[in-house]
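Topology and contacts: notes
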Amino acid sequence: MHILIAEDEQSLAHSLRRSFEAEGYTASVVYDGQAVLDFLEQNKTIDLLLLDWRMPRASGFEVCKTLRAQGNKIPIILLTALNDISNKVEALNAGADDYITKPFAFKELIARINAIFRRVQSSKEILKFGNCCLNVVKHEIHSPKGKTKLSEKEFELFYYFIQRKNSIITRDQIARDIWNLNFLPTTNFIEATIKNLRKKLAEITDCHHIKTVYGEGYTFIDD
């Protein structure tokens, strides 16, 4: 997923980009509001916009209002040092999906981004991959050869893989984001869940979507 960071404090902007890339996201950086609008004119692949409220040429608040007036529905999080409730209301009324005050913990920002992506994706009943698709309502994988039902955790993990296709996902990330653990478990339930997913996929498709990256983790290949 591609995140555009609009932040005129360059050290913070580049720190955020490095942190996002470490999490498996693609991230780009601009330093003023007009640059956001110019960037989006040329790039249609941005999945989320992280907007600083106060920027040169056009504020994040003004950019947000402009994009919504144009009918652009890209998810937007506004960053600001302003902590007044009226500013939060103003941001949300302008069309922002969320609002976070500085300073903030990067883990909180990631959690908010993931929550927005879940809301966006939940509005799409069918997610396609290869010649297959995932029904996010019924928790079923369909292929030309048949269909298979996923358990709750199998679905959460498979959905997580699809969202991060072609990126390396570590066991630490899976433990944190799927099982809410801040440590690696001593038992092998992560591997067991992945083994079950692979078995169910093998029953209905000839493609091997979940690859092991030895010494690093896993990656989902959209064949």
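Structure's up top.
The following refers to the structure shown.

The rules behind the values
Residues numbered from 1 in each chain as written. Predicted model: local features only at pLDDT ≥ 70, side-chain atom pairs only at ≥ 80, totals over all residues. Heavy atoms only, no water. Helix = DSSP H or I, 4+ residues; strand = E, 2+ residues; numbered from the N terminus. Rg over C-alpha atoms; globule rule 2.2 N^0.38 Å. Buried < 20%, exposed > 50% of the residue type's maximum accessible area, 1.4 Å probe, protein only. Contact = heavy atoms within 4.5 Å. Areas by Shrake-Rupley, 256 points an atom, 1.4 Å probe, with all protein chains shown as cover. Lys, Arg positive; Asp, Glu negative; His and termini not counted. Charge placed at Lys NZ, Arg CZ, Asp CG, Glu CD. Pairing = 2+ DSSP bridges. Axes fitted to C-alpha atoms, helices over the stretch in contact; angles between N-to-C directions. Salt bridge = Lys/Arg side-chain N within 4 Å of Asp/Glu carboxyl O.

The helix and strand tally for the protein chain stands at eight helices and 12 strands. Taken against the 2.2 N^0.38 rule, which gives 17 Å for 223 residues, the C-alpha radius of gyration of the protein chain at 19 Å falls within 12% of a compact globule. In terms of overall dimensions, the protein chain has a C-alpha envelope of 55 × 35 × 30 Å along the principal axes. By residue count, 47% of the 223 residues in the protein chain fall in the buried class. For the protein chain, contacts bridging at least 24 residues in sequence account for 54% of all contacts bridging at least 6. Here the protein chain has roughly 11,500 Å² of accessible surface; of this, 49% comes from carbon and sulfur atoms. Side-chain charges of the protein chain comprise 30 positive and 29 negative groups, with the mean position of each set lying 5 Å from the other.

Okay, the sheet that holds strand β7 (residues 132–135) next. Pairing is antiparallel in the open sheet, where four strands are placed in the order β6-β7-β8-β9. Across the chains shown, the open sheet's two edge strands, defined by having one partner strand only, are β6 (126–129) and β9 (146–149). Neighbouring strand axes in the sheet, compared pairwise and without regard to direction, differ in orientation by 20° on average. Here strand β8 (residues 140–143) runs beside β9; their pairing, made up of four bridges, is antiparallel.

According to the stated counting rule, one finds 12 salt bridges in the structure shown. Of the charged contacts, one joins E7 and K102 as a salt bridge, the two residues approaching to 2.9 Å between their closest N and O atoms. Taken together, the residues span a long stretch of sequence, with E7 in the loop between β1 (2–6) and α1 (10–22) and K102 in the loop between β5 (98–101) and α5 (106–122) at a distance of 95 residues. We classify K102 as partly exposed; its relative accessible area is 23%. Between R112 and D98 there is a salt bridge; the shortest N-O distance is 2.9 Å. Of the two residues, R112 sits in helix α5 while D98 sits in strand β5, which places them 14 residues apart along the sequence. Salt bridges sharing common partners tie together E7, D52 and K102.

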